[in-house]
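Fold and geometry: a report
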Amino acid sequence: MTIAQMQAEILRVKKERDICILAHSYQAREIVEIADFVGDSYALSVYASRATNAAFLLCGVRFMAETVKILSPEKPVTLANAAAGCPMAEQMDTALIAAVKAQYPDYTVVAYINTTAQLKTVCDVCVTSSSAVEIVGKLENDKILFIPDCNLGDWVAKQLPHKQIKLLQGGCPIHAAVNLRELDAQKALHPNAAVLVHPECTPDVVAAADYVGSTSGIMQRATAGTEREYIIGTELSIAEHLQYMCPNKRFWALSKKLLCPNMKLTTLPDVLAALNGTGGEAIALDADTLTQARRCIDAMIALGG
Ligand code: 13P
Ligand code: SF4
């Protein structure tokens, strides 16, 4: 089958079975093209909470599929490639958070959405990179324990200096690997380019950027911007999508290291197999996990919507 034939078959099957395909913006172009909705983690969860389809198929990583399941527990939710996890989401467990909470009992525990459903059960509210500052800013309690990404947490803390934000040492191994030397080298090569980075990058890289924001934020800033060139400090696919969307501008990846292997696992054959029930993984979470984790997600949507 050619790519076009496979895409046509995917569109036919998903329509026939009323399956909504959700794709994170780090997915490859051929997957973005067959999705009902493409967005950052926050937009995906809000869209999923409102969609009326019979079932969902998630092209992205496991915590995103879990979030959709938490929001629609009665509907089948499939992760297109069962091996697609996010290493950051697995970094901390409930025992660690229980121990830290015992040390800081009066702190509100804010979990980046890049966490397992299990971990969300012991947290108070979720945030995404696009909603973190707004949501933490709205919390009544000024004492915040922010997990697991210390880079995102540091960026939030700098935007909200009146909050006392405690961080744990977790983060995205892909974004955190990029350094200031690489950014300076790209700036030297492209001196007129605006620098747009994701807050999962290290604080020195973030401080040197012209704009800091989520995947969608970076895409909006780049498409609306008047500059002709951009250095993009997030997963490589974003520079590629932007180059496709804005052929008259130039987009440079901040570093070739910005490739998330997990986000790249999902292929069109995976999508077709998952739609046909011969591939992917149906997300199953027990009733307690669903209920406890949902508090965090509902609080996020209520505060960020
Ligand atoms: P967004 O919140 O920007 O979608 O980012 C998700 C992610 O995994 C970033 O690495
Ligand atoms: Fe996880 Fe980082 Fe990949 Fe995003 S880019 S899915 S945070 S490993």
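Predicted model only: the values in this text are computed from it and were never measured.

As a further point, take the overall build of the chain. The secondary structure content of the chain amounts to 14 helices and 13 strands. Taking 2.2 N^0.38 as the reference for a compact globule, 305 residues should give roughly 19 Å; the C-alpha atoms of the chain span a radius of gyration of 19 Å, in line with that estimate. Considered along the principal axes of its C-alpha atoms, the chain spans approximately 55 × 50 × 30 Å. Taken across its 305 residues, the chain has 56% of its residues classed as buried. By sequence separation, contacts in the chain at least 24 residues apart represent 62% of the contacts at least 6 residues apart. By element, 54% of the accessible surface of the chain is carried by carbon and sulfur atoms, the whole surface being about 12700 Å². Across the chain, the 27 positively charged side chains and the 32 negatively charged ones have centroids separated by 3 Å.

Right, let's get into the side chain of Ser-237. The residue Ser-237 is located in helix H12 (residues 236–245) in this model. A relative accessible area of 2% means that Ser-237 is categorised as buried. Separated by 3.2 Å, the side chain of Ser-237 and the backbone oxygen of Tyr-26 make a polar contact. For Ser-237, the contacting residues outside a window of four places in its chain are Ser-25, Tyr-26, Gln-27 and Lys-264.

Further remarks concern the sheet that holds strand S4 (residues 77–79). Taken in spatial order, the five strands line up as S2-S1-S3-S4-S13 in an open sheet, and their pairing is mixed. Two strands lie at the open edges of the sheet, namely strand S2 (37–39) and strand S13 (281–282), each paired on one side alone. Note that strand S1 (residues 19–24) and strand S3 (residues 55–59) share five bridges and pair parallel. Counterpart to Cys-20 in the pairing with S3 is Phe-56.

In the region of ligand 1, the neighbouring residues are His-24, Tyr-26, Asp-40, Ser-41, Asn-114, Ser-129, His-175, His-198, Glu-200, Ser-214 and Thr-215. One of the side-chain nitrogen or oxygen atoms of Thr-215 is found 2.5 Å away from an oxygen atom of ligand 1. Its free accessible area being 300 Å², ligand 1 has 96% of it covered by the protein chains. Taken together, the residues that form the shell around ligand 1 break down as one nonpolar, eight polar and two charged.

Bridge count for strand S11 (residues 229–233) against strand S12 (residues 250–253) is four bridges, and the pairing is parallel. Looking across to S12, one finds that Glu-229 is bridged to Arg-250. Once you follow S11 into H12 and on to S12, the crossover reads as right-handed.

Looking now at the sheet that holds strand S5 (residues 108–112). The strands that make up a sheet are held in pairs by hydrogen bonds between backbone atoms, and each pair lies either parallel or antiparallel. Taken together, four strands build an open sheet; the order of strands is S6-S5-S7-S8 and the sheet is parallel. Strand pairing shows two members of the sheet lacking a second neighbour, strand S6 (125–127) and strand S8 (164–167), which therefore form its edges. Each strand axis lies, on average, 30 degrees off the axis of its neighbour in the sheet, ignoring direction. In this sheet, S6 lies alongside S5 in parallel orientation, the contact comprising three bridges.

Attention now moves to helix H13 (residues 268–275). Counting buried positions along H13 gives six out of eight residues, so the element sits mostly inside the fold. Buried within H13 are the following residues: Leu-268, Asp-270, Val-271, Leu-272, Ala-274 and Leu-275. Against the buried residues of H13 lie helix H1 (3–17), S1, helix H2 (29–32), S3 and S4.

Here we take up the side chain of Asn-114. Mapped onto the elements, Asn-114 comes out in the loop between S5 and helix H6 (117–120). Aside from chain neighbours lying at most four places away, what touches Asn-114 is Ser-41, Phe-63, Cys-86, Met-88, Ala-89, Pro-148 and Glu-200.

This part covers the pattern of salt bridges. Counting across every chain of the model gives 13 salt bridges. The residue Lys-14 makes a salt bridge to Asp-36 at a minimum N-O spacing of 2.9 Å. Of this pair, Lys-14 sits in helix H1 while Asp-36 sits in the loop between H2 and S2, and the two are 22 residues apart along the sequence. Ionic pairing is found between Glu-281 and Arg-62, a salt bridge with its closest N-O pair at 2.8 Å.

In this section: the packing of helix H3 (residues 41–50) against helix H4 (residues 62–71). In the contact formed by H3 and H4, the axes pass within 9 Å of each other and the chain directions differ by 30 degrees. Considering their axes alone, H3 and H4 lie roughly parallel with respect to each other. Like other packed secondary-structure pairs, H3 and H4 cross with a definite hand, here right-handed. Residue-level inspection shows Ser-41, Leu-44, Ser-45, Ala-48 and Ser-49 of H3 in contact with H4, the latter providing Phe-63, Met-64, Thr-67, Val-68 and Leu-71.

Reading the values: rules and limits
Residues numbered from 1 in each chain as written. Chains lettered and ligands numbered in written order. Predicted model: local features only at pLDDT ≥ 70, side-chain atom pairs only at ≥ 80, totals over all residues. Heavy atoms only, no water. Helix = DSSP H or I, 4+ residues; strand = E, 2+ residues; numbered from the N terminus. Rg over C-alpha atoms; globule rule 2.2 N^0.38 Å. Buried < 20%, exposed > 50% of the residue type's maximum accessible area, 1.4 Å probe, protein only. Contact = heavy atoms within 4.5 Å. Areas by Shrake-Rupley, 256 points an atom, 1.4 Å probe, with all protein chains shown as cover. Lys, Arg positive; Asp, Glu negative; His and termini not counted. Charge placed at Lys NZ, Arg CZ, Asp CG, Glu CD. Polar contact = N/O pair within 3.5 Å; in protein donor to acceptor, adjacent residues only side chain to side chain. Pairing = 2+ DSSP bridges. Near = heavy atom within 4 Å. Nonpolar A, V, L, I, M, F, W, Y, C, P; charged D, E, K, R; others polar. Right-handed = clockwise from strand over helix to strand, strands pointing away. Axes fitted to C-alpha atoms, helices over the stretch in contact; angles between N-to-C directions. Salt bridge = Lys/Arg side-chain N within 4 Å of Asp/Glu carboxyl O. Parallel < 35°, antiparallel > 145°, perpendicular 65-115°, else oblique. Left-handed = near helix turned anticlockwise from the far one by under 90°.

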